[in-house]
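What the coordinates show
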Amino acid sequence: PRVRQGGVFRSCQLFLILVLLLCPSRPVWGLQYKQYLHFQVLSPGDIQYIFTTTPAKDFGGIFNQRYDQIHLVPADPLEACGELNNGAFIQGEIALVERGGCSFLSKTRVIQEHGGLAVIIADNAADNDSRYVDMINDNSGRTADIPALFLLGRDGYMIQRSLEQHGLPWAIISIPVNISSIPTFELKQPPWTYW
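Because the structure is a prediction, the values reported are computed rather than measured.

1. Regarding the side chain of serine 106
When you line up the elements, serine 106 lands in helix 3 (residues 104–113). There is a polar contact of 2.7 Å between the side chain of serine 106 and the side chain of arginine 142. Setting aside its immediate chain neighbours within four residues, serine 106 contacts Ala80, Asp138 and Arg142.

Dropping the structure here:
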């Protein structure tokens, strides 16, 4: 007897589409889709959440080690397009900067030149709680060696607001965090962000 395979094939197609839509960070048949890198704020206590970032698309380095307790220092000025007023505090730490004023690569290079180990660039739209931006090279022929990560604007705003409210010059974070090793009931996600 002939077996009708159209229905099976169509079901497989639908399943593959669902996998690609629901699991965009997983490799499928050797193709790499957008990956996410997570960090956890340890202090201050009111923002002790796990945050999601996306690495720069075609510049910057990768994390070769995990930092269990490192300072996340907001740059001054926050756009980090030139000399920093708090460059000494960035050295050996991770910088939090804001999008705008210059290219993503320029910001990354400023932080690298001040001795930062990585840079997290928050969107300058404080209401952005779901749209990630691909950070690409600015075609200037320059490079950067430190990791550069994109953070949603709402997350960046909430971190900065908490530091201002507590009068703190930095947050303490762990980065990167492997969320697959954390039981679901222990995953503290920002309540304002869609996961």
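2. What to know about the sheet that holds strand 1 (residues 37–43)
Sheet architecture is closed into a barrel: seven strands sit in the order 1-2-6-5-4-3-7, paired in mixed fashion. Taking each pair of neighbouring strands and ignoring which way they run, the sheet shows an average axis angle of 40 degrees. Alignment of strand 2 (residues 50–55) against strand 6 (residues 148–151), held across three bridges, turns out to be antiparallel. The partner of threonine 54 across the bridge, within strand 6, is phenylalanine 150. Each of strand 4 (94–98), strand 5 (118–122) and strand 6 touches helix 3; the most contacted strand, strand 5, lies at about 140 degrees to it. Across the face of the sheet, helix 4 (residues 153–166) comes into contact with strand 1, strand 2, strand 3 (67–74), strand 4, strand 5, strand 6 and strand 7 (171–177) while running at roughly 90 degrees to strand 6.

3. Observations concerning the state of the cysteines
For the coordinates displayed, the defined rule picks out one disulfide. The partner cysteine of cysteine 81 in its disulfide is cysteine 102, sulfur to sulfur 2.2 Å. Disulfide cysteine 81-cysteine 102: torsion about the S-S bond near -90 degrees, hence left-handed. Of this pair, cysteine 81 sits in the loop between strand 3 and helix 2 (87–90) while cysteine 102 sits in the loop between strand 4 and helix 3, and the two are 21 residues apart along the sequence.

4. Structural notes on the pairing of strand 3
As defined by bridge partners, strand 3 adjoins strand 7 across four bridges and the pair is classed as antiparallel. In the strand pairing of strand 7, tyrosine 67 is matched with isoleucine 175. Summarising the sheet, strand 3 and strand 4 pair through three bridges and their orientation is parallel. Each bridged residue has a counterpart across the sheet, and for valine 73 the counterpart in strand 4 is alanine 95.

5. What about helix 3?
Within helix 3, seven of the ten residues are buried, leaving the element largely enclosed by the surrounding structure. If you check which residues of helix 3 are buried, you get Phe104, Leu105, Ser106, Lys107, Thr108, Val110 and Ile111. On the buried face of helix 3, the contacting elements are helix 2, strand 4, strand 5 and strand 6. At the exit of helix 3 stands glycine 115, carrying a positive phi of roughly 85 degrees.

6. As for the pattern of salt bridges
Considering all chains together, one arrives at four salt bridges under this definition. Across the salt bridge formed by arginine 99 and aspartate 123, the nearest N and O atoms sit 3.2 Å from each other. Here arginine 99 is found in the loop between strand 4 and helix 3, whereas its partner aspartate 123 is found in the loop between strand 5 and strand 6, with 24 residues between them in sequence. Notably, a salt bridge pairs aspartate 138 with arginine 142, separated by 2.5 Å at the nearest N-O pair. The class of arginine 142 is partly exposed, set by a relative accessible area of 29%.

Criteria and cut-off values
- Residues numbered from 1 in each chain as written.
- Predicted model: local features only at pLDDT ≥ 70, side-chain atom pairs only at ≥ 80, totals over all residues.
- Heavy atoms only, no water.
- Helix = DSSP H or I, 4+ residues; strand = E, 2+ residues; numbered from the N terminus.
- Polar contact = N/O pair within 3.5 Å; in protein donor to acceptor, adjacent residues only side chain to side chain.
- Contact = heavy atoms within 4.5 Å.
- Pairing = 2+ DSSP bridges.
- Axes fitted to C-alpha atoms, helices over the stretch in contact; angles between N-to-C directions.
- Disulfide = S-S within 2.5 Å.
- Buried < 20%, exposed > 50% of the residue type's maximum accessible area, 1.4 Å probe, protein only.
- Salt bridge = Lys/Arg side-chain N within 4 Å of Asp/Glu carboxyl O.

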